[in-house]
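Working through the structure, step by step
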Amino acid sequence: MTDQIDRVNERTFESLDPRTGLALATYPIADTADVEFAVARARSAATWWDALGFAGRRTWLLKYKSAIARDAASLAAVITAETGKPDDDAILEIQLGVEHIDWAARNAEKTLKQRKVGSGLLAVNQKAYVGYRPFGVVGVIGPWNYPVFTPMGSIAYALAAGNTVVFKPSELTPGVGVWLAEKWASLAAPHPVFQTVTGDGSTGTALVESGVDKIAFTGSTATAKKVMATCAKSLTPLVAECGGKDAMLVDSDANIAAAVEFATFGAMGNAGQTCAGVERIYVAAPVYDRFVAEFASAVRALKPGGTKTSSYGPMTLGKQSDIVRGQIEDALAKGGKVVVGGLDSLHGPYVDPVVLTDVPEDSTAITEETFGPTVVVNKVRNLEEAIARANASKYGLGASVFTKDAAVGRRAAEKLDCGVVTVNSVLGFAAVPALPFGGTGDSGFGRIHGADGLREFSTVKSLTVQGFAAPVDLLTMNRKARNVKISVLALKLRHGRG
Ligand code: NDP
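Calculation rules
- Residues numbered from 1 in each chain as written.
- Predicted model: local features only at pLDDT ≥ 70, side-chain atom pairs only at ≥ 80, totals over all residues.
- Heavy atoms only, no water.
- Domains from an automatic or database assignment.
- Contact = heavy atoms within 4.5 Å.
- Buried area = accessible area lost by both parts, 1.4 Å probe.
- Salt bridge = Lys/Arg side-chain N within 4 Å of Asp/Glu carboxyl O.
- Polar contact = N/O pair within 3.5 Å; in protein donor to acceptor, adjacent residues only side chain to side chain.
- Helix = DSSP H or I, 4+ residues; strand = E, 2+ residues; numbered from the N terminus.
- Nonpolar A, V, L, I, M, F, W, Y, C, P; charged D, E, K, R; others polar.
- Near = heavy atom within 4 Å.
- Areas by Shrake-Rupley, 256 points an atom, 1.4 Å probe, with all protein chains shown as cover.
- 1 Å grid on protein atoms, 1.4 Å probe; cavity = no way out; pocket = protein on both sides within 12 Å on 5 of 7 lines; lining within 4 Å.
- Sits in = over half its atoms within 2 Å of the grid points.
- Core = buried A, V, L, I, M, F, W, Y, C linked by side-chain atoms within 4.5 Å.
- Buried < 20%, exposed > 50% of the residue type's maximum accessible area, 1.4 Å probe, protein only.
- Axes fitted to C-alpha atoms, helices over the stretch in contact; angles between N-to-C directions.
- Parallel < 35°, antiparallel > 145°, perpendicular 65-115°, else oblique.
- Left-handed = near helix turned anticlockwise from the far one by under 90°.
- Points joined across faces, edges and corners; volume = space filled by probe spheres on them.

Looking at the chain, the domain boundaries give domain 1 (2-242 + 448-459), domain 2 (247-433) and domain 3 (468-495). Centre-to-centre, using C-alpha coordinates, domain 1 lies 30 Å away from domain 2. Of the residues lining the interface, 23 residues belong to domain 1; the matching set on domain 2 comes to 23 residues. Interface of domain 1 and domain 2: buried area, both sides summed, is about 1,900 Å²; carbon and sulfur atoms make up 59% of it. Contact with domain 2 buries area across many residues of domain 1, yet Arg-19, Pro-86 and Trp-144 alone supply 27% of it, more than any other trio. Taken together, the links from domain 1 to domain 2 amount to one salt bridge. The salt bridge involving Asp-87 is made with Lys-308; its shortest N-O contact spans 3.1 Å. On the surface where domain 1 and domain 2 come into contact, there are 10 residue pairs in polar contact (both at pLDDT 80 or more). Elements with a contribution of two residues or more to the side of domain 1 that touches domain 2: α3 (72-83), α4 (87-112) and α5 (149-160). Looking at which element gives the most residues to the side of domain 1 that touches domain 2, the answer is α4, with six residues. Each residue belonging to the side of domain 1 that touches domain 2 can be placed in one class, and the counts come to 10 nonpolar, seven polar and six charged.

See below:
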């Protein structure tokens, strides 16, 4: 925790620059007592935060987003140092995160304020309302690949809905988490509405067990299962945003140049370390050879490295390279072909682009998340076959469809088993705060972003107010025979005539 003075626990860890392996800073590993202390402070701030109402919270959140925007260069420097990604990518991520704070702040009241609903024929004597209340304290657990944008999709929406937040960033990006909480504290130090606790997986477990009222987890499917098992012990609700194996579908009439451009960005951007990045590409036979040739030439031009102008940076989590290597080996052993790069593409913390073709659908490069700059391009007969292959995955985060005919794209989107589809672009949804984000299957459940994201961090409160005695009163232990007869007649007249 950033401002706890009397620490008993003195275990620490270092954050590292993945480009050099050099230590950047030392942070405490928050233990159970530290986490409980932070949660208790968050609980004490929750009353103040809730009492501010939507308008008051909106003012604070807009101040917060402005403070982040003004100081974006300093935050970008921390992101770049801890993840190795180029500065431009760090700035883009901050921009998206700030957009989400802005949207959540401005739309919480409209989405969550109490609204009147029809009370129906049986309850004409009552007025009915639906309202949304904050859970209390939300624990947010985040990954390292987009250490601002990704957790902010939970933090901003949880705060706007009236909760306070204790955030546990990935152990690879603690500095980013601390920066975000310190920025809040610089505006409202007496009100610890948003705090960060640093540490490893044990700190994450402590947060899940701390008695918080909801957990928002973003990370791998394997960790999500552990978190869910811990949540089950206390019936703590959970929203889980996990990995993906997103497919890009290219129809025979698609604009190939545009599809190639987006495929290059979607597969290789951020060194492929994007939950909704492009990991499989299914191209219709008539345009397959042209697509592969143009795509190969586009990715060959990329220059990964550790400089400001590099196309993308290193693998932030060093051991992820082993997964990438294993998937390439498995694909080649099963008959896949290499079009760009290969096992030689892995050097130090960097992985040069790898494009594989003709990879059997049971290869791990198709079935498991890669999270590296490696992509499979397989030929299919048509869009229908592409949809079937895309849907064969246990993951269901996102997909993209490239076709000249937007109506065909939208119909394909209906058939794709996943949470978000883009037609003729990739990742476009990230810049639309109104769109809920989340997956199905091994990609998790629940939604962040948009109105659904605000509701995700709210409990629903239903209310009826009786205005006058019911003309036909059945909610009594002294029901009159006449009223029962009327109700039986009403049942037949209203519902029995179909
Ligand atoms: P991990 O699952 O390894 O870790 C996620 C977070 O959980 C980290 O903060 C981690 O802490 C923490 N953690 C680890 N063990 C536990 C535990 N037992 N209890 C509670 N918390 C724990 O994921 P990565 O950080 O490696 O992130 C990459 C993954 O995230 C990929 O699968 C990617 O697809 C997914 N992701 C999903 C997104 C989505 O919105 N769907 C967006 C971005 C990424 P520590 O780091 O200290 O171990």
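This part is about the site of the ligand. Around the ligand sit 29 residues in total, of which Gly-142, Ser-220, Thr-223, Cys-242 and Glu-369 are the nearest. Within the backbone of Gly-219, one N or O atom sits 3.4 Å away from an oxygen atom of the ligand. The separation between a nitrogen atom of the ligand and a polar main-chain atom of Cys-242 is 2.8 Å. Taken by itself the ligand offers 900 Å² of open surface, and the protein chains cover 89% of this. In this structure the site holding the ligand corresponds to the largest pocket. Secondary structure elements with two or more residues in the shell around the ligand: α7 (201-208), β8 (214-218) and α8 (221-234). Sorting elements by how many residues they give to the shell around the ligand places α7 first, with three residues. Taken domain by domain, the makeup of the shell around the ligand includes at least three residues from each of domain 1 (2-242 + 448-459) and domain 2 (247-433).

Another point: the nonpolar core. One finds Leu-180, Val-250, Ile-281, Phe-291 and Phe-295 to be the most contacted residues of the largest nonpolar core, which totals 111 residues. If one sorts the elements of this core by residue count, α4 sits on top with 10 residues. The residue makeup of this core includes at least three contributed by each of domain 1 (2-242 + 448-459) and domain 2 (247-433). In terms of nonpolar packing, the next biggest core, distinct from the first, is built from 21 residues, Ala-42, Val-208, Phe-217 and Leu-238 among them.

A few words on the environment of Gly-398. Counting through the fold element by element, Gly-398 comes out in strand β18 (residues 398-402). Since its relative accessible area comes to 7%, Gly-398 is described here as buried. Taking the C-alpha atoms as reference points, Gly-398 and Glu-82, separated by 316 residues in sequence, lie 27 Å from one another. If we ignore the near neighbours within four places in the chain, the residues touching Gly-398 are Asp-246, Ala-247, Cys-418 and Val-420.

With that settled, consider the pattern of salt bridges. This structure, assessed with the given rule, holds 21 salt bridges. The shortest N-O distance in the salt bridge between Glu-456 and Lys-214 comes to 2.7 Å. Linking Glu-456 in helix α15 (residues 450-456) with Lys-214 in strand β8, this pair joins segments that are 242 residues apart in sequence. Assigned by exposure class, Glu-456 and Lys-214 land together as buried.

Relative orientation of the contacting elements helix α2 (residues 53-70) and helix α6 (residues 174-188) amounts to 125°, with a least axis distance of 10 Å. Viewed along their axes, α2 and α6 adopt a mutual orientation that is oblique. Between α2 and α6 the crossing geometry is right-handed. Facing α2, whose interface residues are Trp-60, Lys-63, Tyr-64, Ala-67 and Ile-68, α6 presents Trp-179, Leu-180, Lys-183, Trp-184, Leu-187 and Ala-188.

What follows concerns the layout of surface pockets. It is the rolling of a water-molecule-sized probe over the atoms that shows where space remains empty. Its volume calculated, the largest pocket comes out at about 1,100 Å³. Trp-144, Phe-217, Gly-219, Ser-220 and Thr-223 are, among the 41 residues lining the largest pocket, the residues nearest its centre. Looking at the lining of the largest pocket, the elements with two or more residues in it are α7, β8, α8 and α11 (320-333). For the lining of the largest pocket, the leading source of residues is α8, giving seven residues. Looking at the lining of the largest pocket residue by residue, the classes come out as 15 nonpolar, 15 polar and 11 charged. Formed jointly, the lining of the largest pocket draws a minimum of three residues from each of two domains, domain 1 (2-242 + 448-459) and domain 2 (247-433). Here the second largest pocket defines a volume of roughly 560 Å³. Taken together, 21 residues form the lining of the second largest pocket, with Leu-121, Leu-122, Ala-123, Val-472 and Leu-474 sitting closest to its centre. When residues in the lining of the second largest pocket are grouped by element, the largest group, seven residues, is from helix α16 (residues 481-495).

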